[in-house]
Amino acid sequence: MVSRGLHGLVAAVLLLQAGCAGFRTCNDAWWGPDKAKHFAAGFALGAGGTALAASELDPEAAAACGGSAAMAAGLGKETYDLRVKGTCWSWRDVFWDFLGASAGASLAATLVD
C-alpha cells in the first residue's frame, strides 16, 4: 500500500530530525528559489524509481522503493551541504524533497498499475 511506504518515509525523516538536533540548520525561506528544484528532483527520482521497481514489484512496493530512493538522495544532498560544503542542513529542503518524492512515486504507481 502506498500510504504504508509513505508513513515509513515520514517516520524515517522524523527519527532523523530527532537524532540531528545538534546540526547547524539553515534559516531559509519556505518558498526560496531552490525549493522548486528540490520538489522537481524528488518528483523525478520518486517517479523514476517507482517505474523501475514496478517491473519486479507490485505498485505499492514500487512506490515505497521509489520514494525511499528519492528521499535517500535528498538526505544525501543535505548531508553533503552540511559536511562537505560546510553550509547547513535545511529541513525545509527535506520537506520539499518529501513532497516531490511522494507526488512522483504516487503518480508513477498509479500509471503503472
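Up top is the structure.
Bear in mind the structure is a predicted one, so any value in this text is a computation, not a measurement.

Enquirer: Can you break down the state of the cysteines residue by residue, with the values?
Expert: This model, assessed by the stated rule, comprises one disulfide. Across a sulfur-sulfur distance of 1.6 Å, Cys26 and Cys88 are joined as a disulfide pair. Because the torsion about its S-S bond is 85°, the bridge between Cys26 and Cys88 counts as right-handed. With Cys26 in the loop between α1 (2–19) and α2 (35–53) and Cys88 in the loop between α3 (59–83) and α4 (91–112), this residue pair connects regions lying 62 residues apart in the sequence.

Enquirer: So, the packing of aromatic side chains: which residues are in play, and what are the values?
Expert: According to the stated counting rule, one finds six aromatic pairs in the structure shown. Between Trp30 and Phe95, the aromatic rings sit 5.2 Å apart at their centres with planes inclined by 90°, giving edge-to-face as the arrangement. Remark: Phe95 occurs in helix α4 and Trp30 occurs in the loop between α1 and α2; sequence separation between them is 65 residues. Judged by its relative accessible area of 39%, Trp30 falls in the partly exposed class. A centroid spacing of 5.7 Å and a plane angle of 85° characterise the contact between Phe95 and Trp96, whose relative ring orientation is edge-to-face. Under the relative-accessibility criterion, Phe95 is labelled partly exposed at 35%. On the basis of relative accessible area, Trp96 is assigned to the buried category, the value being 12%. Chaining the aromatic ring pairs together yields one cluster made of Trp30, Trp31, Phe39, Phe43, Phe95 and Trp96.

Cut-off values and rules
Residues numbered from 1 in each chain as written. Predicted model: local features only at pLDDT ≥ 70, side-chain atom pairs only at ≥ 80, totals over all residues. Heavy atoms only, no water. Disulfide = S-S within 2.5 Å. Helix = DSSP H or I, 4+ residues; strand = E, 2+ residues; numbered from the N terminus. Phe/Tyr/Trp six-rings, centres within 6.5 Å; stacked < 30°, edge-to-face > 60°. Buried < 20%, exposed > 50% of the residue type's maximum accessible area, 1.4 Å probe, protein only.

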